[in-house]
Amino acid sequence: MPTAEKAVTIEDLRQMALRHLPDFVISYVERGAGDGGGVQRNVNAFRKFRFSTRTLLDVTPIDTSVELFGRSFSLPFGISAVGTAGIYRRHADEMLAEAARDANVPFILSGNASASLETIVKIAPDHTWFQMYGSKSEAIDSDIIARARGAGIPVLVFTVDFPVQPKSEISARTGISLATGPTLGAFPRLFWDAMRRPRWAAEFLFGGGVPRLESWAKYAPAGSNASAIAKYHGSNWLRNQTWRDVERMRSAWQGKLVVKGLVHPEDIRMAFEMGADVVTVSNHGGNKLDSMPASIDALRSVQEMKINEKPLFFDGGIRRGSDIAAALALGADYCFVGRPTLYGVAAYGTAGARRALAILKSDLEYNMAMIGCRTVRDLKGFEVTVER
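Undergrad: When you look at the pattern of salt bridges in this model, what are you seeing that I'm missing?
TA: Two side chains with opposite charge may pair up if their charged atoms get near one another. Under the definition given, this model contains 26 salt bridges. The closest approach of N and O atoms between Arg 355 and Glu 5, which form a salt bridge, is 3.7 Å. Taken together, the residues Arg 355 in helix α15 (residues 339-371) and Glu 5 in the segment before α1 (10-20) connect sequence positions 350 residues apart. Exposure remark for Arg 355: the relative accessible area of 19% places this residue in the buried category.

Undergrad: Explanation requested: the packing of helix α4 (residues 92-103) against α15 in the structure shown.
TA: The relative placement of two packed helices comes down to the angle between their axes together with the axis-to-axis distance. The interhelical angle for the contact between α4 and α15, taken along N-to-C directions, is 10 degrees, at an axis separation of 8 Å. Comparing their axes, α15 and α4 come out roughly parallel. Within the contact between the two elements, α4 uses Ala 92, Met 95, Leu 96, Glu 98, Ala 99, Ala 100, Asp 102 and Ala 103 and α15 uses Thr 341, Val 345, Gly 349, Thr 350, Ala 353, Arg 354 and Leu 357.

Undergrad: Got a minute to help me understand the nonpolar core in this structure?
TA: Nonpolar side chains in soluble globular proteins generally cluster together in the buried interior. Tyr 88, Trp 200, Ile 296, Leu 299, Phe 314 and Cys 335 are the most contacted members of the largest nonpolar core, which has 123 residues in total. Counting residues per element, this core draws most heavily on α15, at 14 residues. Each residue touching Ile 296, except ones within four places of it in the same chain, is listed here: Ala 45, Phe 46, Phe 49, Phe 314, Ala 327 and Leu 330.

Undergrad: Even after reading the chapter, I still don't get the pairing of strand β7 (residues 155-159), so can you show me in this structure?
TA: Remark: a regular strand shows side chains that alternate across the two faces of the sheet. Of all five residues that make up β7, five are buried, and the element is covered over most of its length. Side-chain alternation along β7 places Val 155, Val 157 and Thr 159 on one buried face and Leu 156 and Phe 158 on a second face that is also buried. Note that β7 and strand β10 (residues 256-262) share five bridges and pair parallel. From the neighbouring strand, Val 157 faces β10, where its bridge partner is Val 258.

Undergrad: Help me out: how do you make sense of the state of the cysteines in this one?
TA: Covalently bonding the sulfur atom of one cysteine to the sulfur atom of another cysteine gives a disulfide. All chains considered together, the criterion is met by zero disulfides. Note on Cys 335: no disulfide assigned, nearest cysteine sulfur contributed by Cys 373 at a separation of 14 Å.

Undergrad: Would you take a moment to explain the packing of aromatic side chains for this structure?
TA: The description of an aromatic ring pair uses the distance of the two centres, along with the angle that the planes make with each other. Under the counting rule described, the total for this entry stands at 14 aromatic pairs. For the ring pair Phe 46 and Phe 314, a centre distance of 6.1 Å and an interplane angle of 85 degrees mean the geometry is edge-to-face. You can see Phe 46 sitting in the loop between α3 (37-45) and β1 (49-51) and its partner Phe 314 sitting in strand β12 (residues 312-315), a full 268 residues away along the chain. Relative to Phe 313, the ring of Phe 69 has its centre 6.1 Å away and its plane inclined at 65 degrees; by these criteria the two rings are edge-to-face.

Undergrad: Could you clarify how one ought to interpret the side chain of Ser 224 in this entry?
TA: With respect to the secondary-structure elements, Ser 224 resides in the loop between α9 (198-206) and α10 (226-236). Relative accessible area serves as the criterion here: at 14%, Ser 224 is assigned to the buried category. At 2.6 Å, the side chain of Ser 224 and the backbone oxygen of Pro 221 are in polar contact. Filtering out sequence-adjacent residues up to four positions away, Ser 224 remains in contact with Arg 212 and Ile 229.

What counts and how
Residues numbered from 1 in each chain as written. Predicted model: local features only at pLDDT ≥ 70, side-chain atom pairs only at ≥ 80, totals over all residues. Heavy atoms only, no water. Salt bridge = Lys/Arg side-chain N within 4 Å of Asp/Glu carboxyl O. Helix = DSSP H or I, 4+ residues; strand = E, 2+ residues; numbered from the N terminus. Buried < 20%, exposed > 50% of the residue type's maximum accessible area, 1.4 Å probe, protein only. Axes fitted to C-alpha atoms, helices over the stretch in contact; angles between N-to-C directions. Parallel < 35°, antiparallel > 145°, perpendicular 65-115°, else oblique. Contact = heavy atoms within 4.5 Å. Core = buried A, V, L, I, M, F, W, Y, C linked by side-chain atoms within 4.5 Å. Pairing = 2+ DSSP bridges. Disulfide = S-S within 2.5 Å. Phe/Tyr/Trp six-rings, centres within 6.5 Å; stacked < 30°, edge-to-face > 60°. Polar contact = N/O pair within 3.5 Å; in protein donor to acceptor, adjacent residues only side chain to side chain.

Geometry only, nothing functional implied.
Have a look at this one:
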């Protein structure tokens, strides 16, 4: 049986994950919003960038370390938040936290996670950040913030790019939601789909079925099972967020505040004016709107508007080390990846997540050496051309 170490590229891990997951789960991770065009556009957009290489420079040893929020991380990229990750692999959040801890990079725990933030902080106390949306209940928001503060979370990632509930064509077509499970009519399809992936099916069935949303379990009525928790979560998540909510979060959170999900330069300017420490340029991995530009193209637009005297994070479409190098050269101060480590953990658990990080690290180091950048600082503003 192949092992995670056999994977040479993120695409290898993707193929390994697709052989493990049933089709209805694959549809969610691969298609994103609408017709799936946003996910593929994010990936393909990187292929047009070219580096003007420099030679005869002292580039060894390559140094990929960065200083971020007063501490040193080993890589200029970390693991982004992925909601309901437990459906891809039982205890996926815990595995991703372990991989981030071992690689010395941040792990952003989703507010829609299958593990509680208290559990994840015990695994990776120095590497866990927390992502949240504004719910319909300010009392719940306040309690979540208090829990994050009490657990010692240093960074809150406030995600603001869904004013209404996400519209999933996949769920509407199949009758299967990753959060709440299948409708009655979807069971025959689900059964045959799952039986084609016996390893996933066995883990799902013997692990207790649909994973509980542990981050929300305490807010649901007493005695709620996974389905009831998910329904309670769905009825309270999320509110139509406005700038007032950014102001509210800034007032309530004394740690570092990242506002994620902005792509328009004026929105980014406004977020900094409202007190954000960092803005993440992101189209939500193509999961928001299928007609949006690629995340990397949004980053280029921000760069052209001369906003990058302020710190910017980036995510969306990264599959290779050259993608990370391009994002850093185009103005990002730090990057995050979601699907690469999700592919790894789906296929091989913690070992797969570690392998995804190792692949990207090795590829980034090679690209840096080839273009004459010994440190991550050297990448900032490095000349990147666009192939027409």
